[in-house]
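Survey of secondary and tertiary structure
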Amino acid sequence: MDDQTAHESEGGKQVSKVVLLGNPNVGKSAIFGALTGKYVVVSNYPGTTVEVAKGHITMRGKRVDVVDTPGANSLVPMSEDERVTRDILLESRDDVFVQVGDAKNLRRALIISTQLAEFDVPFLIDLNMIDEARSRGIRLHISALSEAFGVPVVGTIATQKSGLDRLISQIPHAARSPYRVKFDQGIEEAIVRVESLMGDIGPGSRGIALTVLAADESLSDWLHEQLPEETIAEIETVREQIQSKYHQPLGYVIYIRRMRHVELLLKSFYEGSKVTPEGAAKRSVLRRLHPALAIPIFAGACIGLNTLVGIHPAFALLSLPILLYALFALGDWGMHPILGIPILGLVLYLTWVFVGSFGAGTGVDFLGNTLFGKFINPWVASAVSHIPSEPIRDLIAGQYGIVTMALTYALAIVLPVVGTFFLAFGLLEDSGYLPRLAVMVDRVFKKMGMNGKAVLPMILGLGCDTMATLTARILDTKRERVIVTLLLALGVPCSAQLGVILGILGSPTMPIGAALIWIGVVTVVIFKVGYLAGKLLPGDKSDFILEVPPIRMPQLENIVVKTLARVEWYVKEAVPLFIIGTFVLFTADRTGLLKVVERLAAPVVQVFLGLPAKATEAFLIGFLRRDYGVAGLYNMSKAHEIDTVQMIVALVTMTLFIPCLANFLVIIKERGLKTGVAMALFIVPYAFLIGGLLNFVLRATGAFK
């Protein structure tokens, strides 16, 4: 690919604002982050729940604002995200637009390019991910593309920050493109008539006319602000007249004609490619393997790995590179309705081995037993022994001490587990596997009144339920957002909680059946509640449209940066709450309130759930941080204060228990107070009901004796 800039970099106009625009999954946010660094403010676009990021860069000694719009496949909106992008375009028609496109999929990018030309805004084209295009044998004629549209065209690799200087240098040279798609004669005549009726509405009248003819109802409010009612009525008459000449909706006719035009246009932009425009990925021998052969190979590697893990947990570190290769080799098959299932099982198993054995084994052993157990805690206990006040000594280094409990839990037990989970989760994100998982489970989620897109916030919930609740905004209907919020609060453990659970279930003393029961019960509960919610809640279903990116070999730098950022977030958010939670327990213990609560909770915790009285502490503090509650169970396990059946019951109940305080507040913010309280009132008794029934079944069958 010719990745040189197609325009000269001297001269150009002064720029005060830059708007990034493009299809989903083209690296637009990565370009935005590379340009603006940490100078970013994220806020909701007025009147919507769609977030828009704003930052700034310094260009020619002047501060220039930068706006990152939501991903859009078309400027004739089909979703709230696309409507926000279109509205920002209408507000900023005199600003500079940088269209970020995927160099591997020029067809998709040119749909947006032709629309930007019709809206008559100054723009340039940034073809991102040129390295991936090269790897697929794709060579683009950048100068031909630039000449055709009359705007600058540059190539970048956002993840490597390659080409960003050229991109910045070309922003002042952004231009209004003279390029126009030619439609049928009747449509062209209708465009001219609508433009004439709109009069001096500003630049981009052709783009607005096409949007009106496509029957875009989301443009109605804007039109009523710009034009009198009688003019709008005349425009509607024109639209109805031209629509009567076609059997299909006019918006569909316009889109198909645009697509055909782009198809013809594409041929002139590929230079010397020996492949089709889409390209065929150059695969290693490993990636050529059919899953029927590759899955047994990886399964054999896992069995061997499991044998090694039984010798020493440090060998579990090998599961991370195996996971990486599994994603890269089998990811293309990850959305297959049949083969995708064993691939998902393999991915989950490798993640469990890495987090459960290496993170919770080697990591916790070093930080908890060695660093804190042999050095920090004894030193702190010795240092505070000279303090005359017993309550202060206990607050620092007692049973519920800030150092001996809060910091030990947060940094020595949870942090190594969370860190390893963040690392594995980063691989899943950057490889492109998660959208494939969404495609694979689409049929299952339709049974719950949603579609495969709902799996994305569910998977993100494994990182943080609070943030995942916010990302439920990507779902198209209120009904879908309520269902996925309920399922996140009910049965999706956050990374910190999941990490500790994996650590407990992955310990040598815990049978594999315990993990299978935990996974099975939680999964069945999620799908059962989701199915019933899908049947009972009113509302419409939405279509499933999701862009699936190519399988990529994750960049080490990206994984490290993401992991460190998430660890930083964990330390800043979780450690203070661990300290607060410890202080609550310390105060409750000193005042005798803890004993009172244990007695009141005894019929449920000790009798119905069959758990030790001390487990009450875990449920009390779990509302502040659910991982804190599970960390208490982890310590009980290490001290042999809880048997296998009790641990399974406790883990299932804790997983289904009420969400942490932060998530609960976000649920109220996103779904409303009434809905948030209703969810809590359902979840708490339901979690204890499932735990009690599980306790009864396991005791009655004599399991794990």
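Residues numbered from 1 in each chain as written. Predicted model: local features only at pLDDT ≥ 70, side-chain atom pairs only at ≥ 80, totals over all residues. Heavy atoms only, no water.

**Overview of the overall build of the protein chain**
In terms of regular secondary structure, the protein chain is built from 31 helices and 8 strands. Taking all 705 residues of the protein chain together, the buried fraction comes to 54%. Considering only intrachain contacts with a sequence separation of at least 6, the fraction spanning at least 24 residues in the protein chain is 77%. (Helix = DSSP H or I, 4+ residues; strand = E, 2+ residues; numbered from the N terminus. Buried < 20%, exposed > 50% of the residue type's maximum accessible area, 1.4 Å probe, protein only. Contact = heavy atoms within 4.5 Å.)

**Thoughts on the pairing of strand β5 (residues 96-102)**
Judged by how many residues are buried, β5 sits mostly within the fold: 7 of 7 residues are covered. A two-sided burial pattern is seen for β5, the buried positions comprising Val-96, Val-98, Val-100 and Asp-102 on one face and Phe-97, Gln-99 and Gly-101 on the other. In this sheet, β5 lies alongside strand β1 (residues 17-22) in parallel orientation, the contact comprising 5 bridges. In the strand pairing of β5, Leu-20 is matched with Val-98. Bridging between β5 and strand β6 (residues 122-128) involves 6 bridges; their strand directions are parallel. By the bridge assignment, Gly-101 is partnered in β6 with Leu-127. (Pairing = 2+ DSSP bridges.)

**Digging into the pattern of salt bridges**
Under the counting rule described, the total for this entry stands at 18 salt bridges. Asp-94 is the partner of Arg-176 in a salt bridge, and the nearest nitrogen-oxygen pair spans 3.3 Å. With Arg-176 in strand β8 (residues 175-176) and Asp-94 in the loop between α2 (80-91) and β5, the pair connects residues that are 82 residues apart, well separated along the chain. Among the salt bridges present, the one from Asp-102 reaches Lys-104, with a minimum N-O distance of 2.8 Å. A relative accessible area of 5% places Asp-102 in the buried class. Residue classification places Lys-104 among the buried residues on the basis of a relative accessible area of 7%. Each of Arg-83, Arg-86, Asp-87 and Asp-216 takes part in a single network of salt bridges with overlapping partners. (Salt bridge = Lys/Arg side-chain N within 4 Å of Asp/Glu carboxyl O.)

**Concerning the nonpolar core**
Ranked by size, the top nonpolar core spans 119 residues in total, and within it Ile-504, Leu-505, Phe-578, Leu-633 and Leu-651 carry the most contacts. No other element matches helix α17 (residues 402-431), which puts 14 residues into this core. Apart from the residues lying within four places of it in its own chain, the contact partners of Leu-651 are Ile-501, Ile-504, Leu-505, Trp-518, Val-630 and Leu-633. In terms of nonpolar packing, the next biggest core, distinct from the first, is built from 63 residues, Leu-110, Phe-123, Leu-219 and Val-262 among them. (Core = buried A, V, L, I, M, F, W, Y, C linked by side-chain atoms within 4.5 Å.)

**What to know about helix α8 (residues 205-213)**
Of all 9 residues in α8, 9 are buried; the element is thus mostly enclosed. Taken together, the buried positions of α8 are Ser-205, Arg-206, Gly-207, Ile-208, Ala-209, Leu-210, Thr-211, Val-212 and Leu-213. Buried residues along α8 sit in contact with α2, α3 (106-118), α7 (185-198), α9 (220-226), α10 (229-243) and α11 (250-266). Among the residues trailing α8, Ala-215 stands out with phi positive, at a value near 65 degrees.

**What to know about unusual backbone geometry**
Its identity as a non-glycine residue notwithstanding, Met-129 has a phi of 60 degrees, on the positive side. Locating Met-129 in the fold gives a position in the loop between β6 and α4 (130-135). For Met-129, a relative accessible area of 9% corresponds to the buried category. Despite not being glycine, Ala-215 shows a phi value in the positive range, around 65 degrees. Positionally, Ala-215 belongs in the loop between α8 and α9.

**Examining the side chain of Glu-617**
Along the chain, the position of Glu-617 falls in helix α27 (residues 615-622). One buried charged side chain, Glu-617, makes no salt bridge at all; its nearest oppositely charged neighbour is Lys-614, positioned 5.5 Å away. Polar side-chain contacts of Glu-617 include one of 2.6 Å to the side chain of Tyr-400. When residues no more than four places from it in sequence are discounted, the contact partners of Glu-617 are Tyr-400, Leu-585, Leu-594 and Glu-598. (Lys, Arg positive; Asp, Glu negative; His and termini not counted. Polar contact = N/O pair within 3.5 Å; in protein donor to acceptor, adjacent residues only side chain to side chain.)

**Details of the environment of Arg-60**
Considering the arrangement of structural elements, one finds Arg-60 in the loop between β3 (51-59) and β4 (62-68). Overall, Arg-60 belongs to the partly exposed group, its relative accessible area being 48%. Sequence separation between Arg-60 and Pro-172 is 112 residues; the distance between their C-alpha atoms is 9.9 Å.

**A short note on helix α1 (residues 28-36)**
Among the residues making up α1, those that are buried are Lys-28, Ile-31, Phe-32, Leu-35 and Thr-36. End-on view of α1: buried residues confined to an arc of 110 degrees, all on one side of the axis. Within two residues after α1, Gly-37 carries a phi angle of roughly 60 degrees, on the positive side. (Arc of directions from axis to C-beta.)

**Examining the side chain of Arg-258**
In this structure, Arg-258 sits in helix α11. In this structure the side chain of Arg-258 is engaged in a polar contact, spanning 3.1 Å, whose partner is the side chain of Thr-114. Those residues in contact with Arg-258 that lie beyond four places of it in its chain are Ile-111, Thr-114, Gln-115, Glu-118, Val-181, Phe-183 and Leu-210.

**Quick word on the packing of aromatic side chains**
Applying the stated criterion across every chain yields a total of 6 aromatic pairs. Aromatic side chains Phe-445 and Phe-527 sit 6.5 Å apart centroid to centroid with 80 degrees between the ring planes, which places their arrangement in the edge-to-face category. Residue Phe-445 is located in helix α19 (residues 442-446), and its partner Phe-527 is located in helix α24 (residues 512-536); the two are separated by 82 residues in the primary sequence. The class of Phe-445 is buried, set by a relative accessible area of 5%. Given the relative accessible area of 33%, Phe-527 is considered partly exposed. Site record: aromatic cluster; members linked through ring pairs are Phe-619, Phe-657 and Phe-688. (Phe/Tyr/Trp six-rings, centres within 6.5 Å; stacked < 30°, edge-to-face > 60°.)

**Some thoughts on the environment of Ala-34**
Of note, Ala-34 is situated in helix α1. Each C-alpha atom of the pair Ala-34 and Lys-161 lies 6.8 Å from the other, and the pair is 127 residues apart in sequence. If sequence neighbours within four positions are ignored, Ala-34 has contacts with Lys-161 and Leu-164.

**Focus: the pairing of β1**
The buried count for β1 comes to 5 of 6 residues, which makes it a mostly enclosed element. As paired elements, β1 and β4 share 4 bridges and run parallel to each other. Bridge pairing in β4 places Val-18 opposite Val-66.

**Re the confidence of the model for the protein chain**
Taken residue by residue, the protein chain gives an average pLDDT of 81. The fraction at 70 or more is 86%. Helix α12 (residues 285-288) is the least confidently modelled element of the protein chain, averaging 45 in pLDDT, while β6 averages 94, the highest of any element. The low-confidence segment residues 273-288 (pLDDT under 50) makes 29 contacts with residues lying over four places distant or belonging to another chain. (pLDDT = per-residue confidence, 0-100.)

**What to know about a nonpolar patch on the surface**
Nonpolar side chains collect at one region of the surface, where Val-604, Phe-608, Leu-689 and Leu-693 lie side by side and expose about 320 Å² of accessible area between them. Where the nonpolar patch is concerned, the elements lending two or more residues are α26 (593-608) and α31 (673-701). By secondary structure assignment, the location of Leu-693 is in helix α31. (Patch = residues over 30% accessible without salt bridge, like charges linked within 9 Å, V, L, I, M, F, W, Y side chains within 5 Å. Areas by Shrake-Rupley, 256 points an atom, 1.4 Å probe, with all protein chains shown as cover.)

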